[in-house]
Amino acid sequence: MPRPSAGLLVRVGIAVAVIAVLPWVVPSFLVFDLIYVASYAIAILGLIILTGMNGQISLGHGAFMALGGYVVAVLAHSAGVPYWVGVPLAAIASGVAGLFIGLVALRLAGVYLALATFSLAVATPSFLKHYKSITGGFDGMSLQPVQAPAGIPLEGQHWLYYVAWAVTGVVFLLSALLVRGQFGRALRALRDNPIAAVSFGVNPYFYKTAAFGWSAVLAGIAGGFYAIPTAFVSPDTFTSALSITLLIGAVLGGISTFWGALVGGIVVEFLPLVAQQVNAAAPSVVYGVALILVMMFLPDGIVGSLLRLIHRFRRAPPQPALESSTPPPAPVAVAPQSRE
Amino acid sequence: MHDLAQQIVSGLAQGSIFASLALALVLIYRAMGIVNFAQGELAMFTTYIAWQLTQMGLPIWLAFGVTVVVAFAGGVALERIVIRPVERANQLTVVIVSLGLFISINGLAGWFWGYIVKAFPTPFPTTPLQIFGVAFSAQDVGVIVVSVITLGLISLFFQKTKLGLAMRAAALYPEQSRVLGIRVGWMLALGWGLASAVGAISGIMIAPVVFLDPNMMQSVLVYAFAAAVLGGIESPIGAVVGGLVLGVAINLIGTYVEWIGNDLRLAAALAIIVIVLVVRPAGLFGRVAVQRV
Amino acid sequence: MTPTVRRKAAVGIFAAAFALAVTGSTIAPVSAETGVTDTEILLGGTHPYSGPASAYGNIGKGIAAYFSYVNDHGGVNGRKIKYIDKDDGYSPPQAVQIVHQLVEQDKVFAIFDTLGTAVNTAIRPYLNQQGVPQMFVATGASTWGHDYQKFPWTIGWQPDYQSEAILYAQDILLNHPNAKVAVLYQNDDYGEDYNAGLKRGLAKHLSMIVKMASYETSDPSVGSQIATLKASGADTFMIFATPKFAIQAMVLAAQQSWHPTIYLNNVSAAVPFMLAAAKAGGQSAVSGVISTAYLKDPANHARYAGDAGMKWYNEIMTKYLPAADKDDGNYFYGVSIGYTMVDVLKRAGKDLTRKKVMDIATNLVEKDNPLAYPGVTIRTSPSFRYPITQMIAAKWLGTDWSPTGVLVDTRAMTMAEK
């Protein structure tokens, strides 16, 4: 396994430092919002692995978030299970569900997979309402707010913030370890040229299902960290809009890198609030137009476009201003994806 | 037996609503290879334009005609302005743009016309019809008839006209078409224009039944998407058949399968479609694309 | 530091700054109570301004218009009201986040007219724990009045859905004792509350209900449900549905040649909806439909042509929301509930505290709300927190609602719920 570069370690170090310090410099309600950013980032990371690296489009990961959130909620509400036990259980439950869906997804691709996963998202509130004896139906379920454990001098909310971001760090690390090396190469190979990959001995059933399962694990954990700060779950919390939001976050952040998940999480959390500042009467118009503009000017997402810019900057050799008459060489071309 | 017949007829009426929007979805997919999430909202927006025209005194059939033309022009313009910059980008980018359109057009309609539910004049007579004790309205029959006519016209256009052939070529083989002198970009714009026009027809047919409000197409979109995929995402016939089948299936399942009941109808329908896709990945009328290695 | 690392740091700092930028303005109150200064009272609220429930956003706009009117006419004991109203997209997590911001950052005096049962259920524990009044929530769920001991800082306003359904049940027992009842209901807490009320109202005669059918807000049409209900042979039809589906139900029933006695929940009974149903389904679709009202109907121009309250409402709308459709009952509701809020604030006088305002709100007798149905008194007591319990039944005859009988106070039935 190749060692991480010094540059990467520095970047991660800075991110960790910023995250650690933020609660002390920003207003408390923002700390609260940043817990949701962690939740989104985890879920979006799942999509970056599944859709970005492995090419399987999912419009249904909100359903896995719902599963995770409700596992945590039901266990806490009905059996008093503490959150630190509930969230890992939610991860397992979502993972199993994800493997199952992944198996079904093996037969589907492109728009058909998009529909199948979208169906999952659309059907989720119906299922939650239907099994009301377990889920509390449309009345929803209230949860206990988080308290820091005895001996730790932090407000409940701050404690939850650090736990959420620590978990985020852990899942990012685990995911990085997972996709470095062979696993990641196999995922990408199956995305770019499945026939060649299979003829080289890559087992598509294993890798594609595993990618689905892992992304579902992430979404399940994210669901837990979505429900806990809200201290409430209801079918309205997990509509199909959530799945769409996750995809928007992944693409806007930059579907090709892990940093895209972080940026994507920030964007989907705060863009609606900014849209309201711009026009309180019709915030959707601002939000929708913002999406279109970002895609027009930054088609690889924010991080993706930043990276392209960096490559272009690095590739061009330094030019003496007056002497040379030849233009700098073209930047590395990024092949547009062909229609599948 | 009578009830069964009534449920089937209701299902066909509802299914024709899905079918008409599914047609528009198929048109865009054939042209661009993506599902246009904004299709329903565009249809809703153009329907509001038709409504506005009738409020200004135009008779419904004239408003219908004007709106279809406006929708066509609007679709072309939208493609040139919003889609062209991201045409060459990967499909996900275009999907996000379509989502952005969805969200902003929905907000725009609410902003302009408000959210209060409005009646929409029906182009068909309102007297209810009865055949063998089964009730339906002229509207229901009208929607099916108009959908079938639209389907026929579209099929004729694509199969029998040079322009239609050029559009199909541009969608399937853009580079080769350019070499042959086909203006691929404008073919795409034309595709959007057609889809918008079909969407407008769909909206005007649907509005008298579901009543006009900015969110009227959202529930239809999910079903239309499902219908289009069920029928084979590239097949206009599939869209119509898929829509009708879906409409009837939902009604029958919801009514007669007790443990599913009303609230799981949509989930059950979608589950069936997923099962169909697993068995026949290209849908009922689709053809599986064979890739040469 | 390499350029890339600098860039990453810049991104991180930019992100934080961007986040800070969205916080909006902050008022620093200087007097003893949070959210109150010598010149201003700060209220906060959330409504859906995006997403499927956006129609209800107009309630917030109606409130804003009314507050502007009040501010232009001397304010509340010399103070102007500022209402920070944000979009929650009808999503409980989003509402929770906004309410945290309103309480911790904007430091509002009270939260007012938050909309939706799920939203209000989600924010209720936090607000009660913080001691911030959750005033006059915009939903008819019975829990606001029912659970006040656990949540003393919360109070509802509109008649609760269960009481409305009980009223219909009593009408059935009185006037149609042999009825066979079919029910169409929205499959959520709204519909379930109506069902619960109907069943309680029918009590021993529960077997009168022969068929119930639900619909989802994601259903395009309720044709299948109507067919099922008709097939049950029922001659009485309860419609517990939001306007779009209620109109569809009436029209489809007529089209399927089913002409039961129809009871319609008041949310869907505004004149424009009835006229829309009549247009699409013919007169037989709507004639004889029974509903209730507790507010006047702004779309009923004929009935309220000379009414002072309606005139006043129209003036406010013309001045502060000129482009809006005055017939929209949501704006009307907003002005009406805003009136009650301002009434409570005024009664608290110059010395404004949260506790005082809650005390007044739970000991309220308001007889002069200009938009309430004539005779309706908004009344609470510390142990009875359902401010509006009076409704009048009405029948649709031709082109208008005709009140039948007198204003009924469902107070007794509501108390029995506890």
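A brief look at the structure comes next.

Rules used in this analysis
Residues numbered from 1 in each chain as written. Chains lettered and ligands numbered in written order. Predicted model: local features only at pLDDT ≥ 70, side-chain atom pairs only at ≥ 80, totals over all residues. Heavy atoms only, no water. Contact = heavy atoms within 4.5 Å. Buried area = accessible area lost by both parts, 1.4 Å probe. Salt bridge = Lys/Arg side-chain N within 4 Å of Asp/Glu carboxyl O. Polar contact = N/O pair within 3.5 Å; in protein donor to acceptor, adjacent residues only side chain to side chain. Helix = DSSP H or I, 4+ residues; strand = E, 2+ residues; numbered from the N terminus. 1 Å grid on protein atoms, 1.4 Å probe; cavity = no way out; pocket = protein on both sides within 12 Å on 5 of 7 lines; lining within 4 Å. Points joined across faces, edges and corners; volume = space filled by probe spheres on them. Nonpolar A, V, L, I, M, F, W, Y, C, P; charged D, E, K, R; others polar. Buried < 20%, exposed > 50% of the residue type's maximum accessible area, 1.4 Å probe, protein only. Arc of directions from axis to C-beta. Phe/Tyr/Trp six-rings, centres within 6.5 Å; stacked < 30°, edge-to-face > 60°. Axes fitted to C-alpha atoms, helices over the stretch in contact; angles between N-to-C directions. Parallel < 35°, antiparallel > 145°, perpendicular 65-115°, else oblique. Left-handed = near helix turned anticlockwise from the far one by under 90°. Patch = residues over 30% accessible without salt bridge, like charges linked within 9 Å, V, L, I, M, F, W, Y side chains within 5 Å. Areas by Shrake-Rupley, 256 points an atom, 1.4 Å probe, with all protein chains shown as cover. Core = buried A, V, L, I, M, F, W, Y, C linked by side-chain atoms within 4.5 Å. Pairing = 2+ DSSP bridges. Right-handed = clockwise from strand over helix to strand, strands pointing away.

A few words on the interface of chain B and chain C. Between chain B and chain C, the residue contacts involve 30 residues of the former and 33 residues of the latter. Interface area for chain B against chain C, summed over the two sides, is near 2700 Å², with a carbon-plus-sulfur share of 55%. Contact with chain C buries surface across chain B, with Tyr115, Ile116 and Phe211 of chain B losing the most and accounting together for 21% of the total. Summed over the shared surface of chain B and chain C, the number is two salt bridges. In this structure, the connection of chain B to chain C is made through seven residue pairs in polar contact (both at pLDDT 80 or more). Looking at the side of chain B that touches chain C, the elements that each hand over two or more residues are helix 1 (2-32), strand 1 (128-131), strand 2 (134-137), helix 8 (184-210), helix 9 (216-231), helix 10 (236-256) and helix 11 (265-279) of chain B.

Turning to empty space enclosed by the protein, a few remarks are in order. Unoccupied space between atoms shows up once a probe the size of one water molecule is rolled over them. Residue and element names in this part refer to chain C. This structure, assessed with the given rule, holds four cavities of 30 Å³ or more. Its boundaries defined by the atoms lining it, the second largest cavity holds a volume of some 50 Å³. In terms of lining residues, the second largest cavity is bounded by Thr139, Ala141, Ser142, Trp144, Gly145, Gly156, Trp157, Gln158, Asp160, Arg385, Tyr386 and Pro387. Split into classes, the residues belonging to the lining of the second largest cavity amount to five nonpolar, five polar and two charged.

Take the pattern of salt bridges next. Applying the stated criterion across every chain yields a total of 13 salt bridges over all chains. A salt bridge links Asp219 of chain C to Arg265 of chain B; the nearest nitrogen and oxygen atoms lie 3.5 Å apart. In this pair, Asp219 of chain C is assigned in the loop between strand 6 (209-215) and helix 8 (223-231) and Arg265 of chain B in helix 11, connecting two distinct chains. Exposure remark for Asp219 of chain C: the relative accessible area of 2% places this residue in the buried category. The partner of Asp72 of chain C in a salt bridge is Lys319 of chain C, and the shortest N-O contact between them spans 3.9 Å. In this pair, Asp72 of chain C is assigned in helix 2 (residues 57-72) and Lys319 of chain C in helix 11 (residues 308-320), connecting sequence segments 247 residues apart.

All names here are of chain B. Every buried residue of helix 6 (residues 162-172) is accounted for by Gly164, Ala166, Met167, Ala170 and Ala171. The buried residues of helix 6 all sit within an arc of 160 degrees when viewed along its axis, so they share a single face. Structural note: helix 6 exposes Lys162 and Leu172 on the side pointing more than 90 degrees away from its buried face.

The next point concerns the packing of aromatic side chains. Aromatic ring pairs: the centre-centre distance and the angle between the two ring planes describe each pair. Counting across every chain of the model gives 45 aromatic pairs over all chains. Seen from their ring centres, Trp61 of chain B and Phe64 of chain B are 5.5 Å apart, and the 25 degrees between their planes marks the pair as stacked. Here Phe64 of chain B and Trp61 of chain B lie together in helix 3 (residues 60-83), a separation of three residues that amounts to about one turn. The interplanar angle of 75 degrees and the centroid separation of 5.3 Å between the aromatic rings of Trp157 of chain C and Tyr333 of chain C together place this pair among those described as edge-to-face. Taken together, the positions of Trp157 of chain C in the loop between helix 5 (143-146) and helix 6 (161-175) and Tyr333 of chain C in helix 12 (residues 329-348) put the pair 176 residues apart, joining distant regions of the chain. Overall, Trp157 of chain C belongs to the buried group, its relative accessible area being 1%. Classification of Tyr333 of chain C as buried rests on a relative accessible area of 8%. Through successive ring pairs, a cluster of aromatic residues spans Tyr66, Phe67, Tyr69, Tyr83, Phe112, Trp312 and Tyr339 of chain C.

Each pair of packed helices gets described by two things: the angle between the helix axes and the distance between those axes. Residue and element names in this part refer to chain A. At their nearest, the axes of helix 2 (residues 28-53) and helix 7 (residues 156-179) sit 9 Å apart, and the two run at 15 degrees to each other. Classed by the angle they form, the pair helix 2 and helix 7 counts as roughly parallel. Where helix 2 crosses over helix 7, the handedness of that crossing is left-handed. From helix 2, Ser28, Val31, Phe32, Leu34, Ile35, Val37, Ala38, Ala41, Ile42, Leu45, Ile49 and Met53 reach across to helix 7, where they touch Gln157, His158, Leu160, Tyr161, Ala164, Trp165, Val167, Thr168, Val171, Phe172, Ser175 and Val179. For the contact of helix 2 with helix 7, the per-class residue count stands at 19 nonpolar, five polar and no charged.

What follows deals with the interface of chain A and chain B. Listed per partner, the contact involves 42 residues of chain A and 52 residues of chain B. Both sides of the chain A and chain B interface together cover about 3800 Å² of buried area, and 77% of this is carbon and sulfur. Viewed at the interface, chain B and chain A are joined by zero salt bridges. At the surface where chain A touches chain B, the tally comes to three residue pairs in polar contact (both at pLDDT 80 or more). For the side of chain A that touches chain B, the secondary-structure elements that each account for two or more residues are helix 5 (110-130), helix 11 (240-253) and helix 13 (283-297) of chain A.

A few words now on a nonpolar patch on the surface. All names here are of chain B. A cluster of nonpolar side chains, namely Leu129, Val141, Val145, Ile149, Leu153 and Leu156, defines an oily patch on the protein surface of about 510 Å² accessible area. In terms of residues, the nonpolar patch owes the most to one element, helix 5 (residues 138-160), which gives five residues. By the secondary structure assignment, Leu153 is in helix 5.

Time to look at the layout of surface pockets. By volume, the second largest pocket amounts to about 1200 Å³. Along the wall of the second largest pocket there are 49 residues; nearest its centre are Leu143, Pro145 and Ala231 of chain A together with Pro125 and Tyr126 of chain C. Elements with a minimum of two residues in the lining of the second largest pocket: helix 2, helix 3 (61-79), strand 1 (141-142), helix 7 and helix 10 (204-230) of chain A together with helix 3 (92-104), helix 4 (117-130) and helix 7 (189-202) of chain C. Tallying contributions element by element places helix 4 of chain C first for the lining of the second largest pocket, with nine residues. Within the lining of the second largest pocket, the residues separate by chemical class into 23 nonpolar, 17 polar and nine charged.

Attention shifts here to the nonpolar core. One finds Met65, Phe238 and Ile248 of chain A together with Leu246 of chain B to be the most contacted residues of the largest nonpolar core, which totals 221 residues. When residues of this core are assigned to their parent elements, the largest contribution, 20 residues, is made by helix 2 of chain A. Sequence-distant contacts of Met65 of chain A, that is, excluding residues within four places in its chain, are made with Ser39, Ala43, Ala219, Ala222, Gly223, Tyr226, Phe238, Leu242 and Leu246 of chain A. Phe67, Phe136, Tyr304 and Ile392 of chain C belong to the second-largest nonpolar core, a separate cluster that totals 59 residues.

Glancing now at the pairing of strand 12 (residues 390-397) of chain C. Residue and element names in this part refer to chain C. Most of strand 12 is tucked away, with six of its eight residues classed as buried. Direction of pairing for strand 12 relative to strand 13 (residues 400-409): antiparallel, over a ladder of seven bridges. Its bridge partner lying in strand 13, Leu397 is registered against Asp400. Hairpin connection, strand 12 to strand 13: the antiparallel pair is bridged by two residues, and Gly398 has positive phi, about 75 degrees.

Next up on the list: the sheet that holds strand 3 (residues 110-112) of chain C. All names here are of chain C. Spatially, four strands are ordered 2-1-3-4 in an open sheet, and the strand pairing comes out parallel. A strand with exactly one partner marks an edge of an open sheet, and here the two such strands are strand 2 (80-87) and strand 4 (134-135). Bridge count between strand 3 and strand 4: two bridges; the pairing is parallel. Across the sheet, Phe112 pairs through a bridge with Met135, a residue of strand 4. In this fold helix 2 packs onto strand 1 (40-47), strand 2 and strand 3, with an angle of close to 165 degrees to the strand it touches most, strand 2.

This brings us to the pairing of strand 7 (residues 236-240) of chain C. Remark: a regular strand shows side chains that alternate across the two faces of the sheet. Residues and elements named next belong to chain C. Of all five residues making up strand 7, five are buried, and the element is well covered by its neighbours. Side-chain alternation along strand 7 places Thr236, Met238 and Phe240 on one buried face and Phe237 and Ile239 on a second face that is also buried. Inspection of the sheet shows strand 5 (residues 181-186) paired to strand 7 by five bridges, in the parallel sense. Counted as the bridge partner of Val181 is Thr236 from strand 7. The sheet contact formed by strand 7 and strand 8 (residues 261-264) spans four bridges and is parallel. From the neighbouring strand, Thr236 faces strand 8, where its bridge partner is Thr261. Crossover connection from strand 7 via helix 9 (residues 243-255) to parallel strand 8: handedness right-handed.

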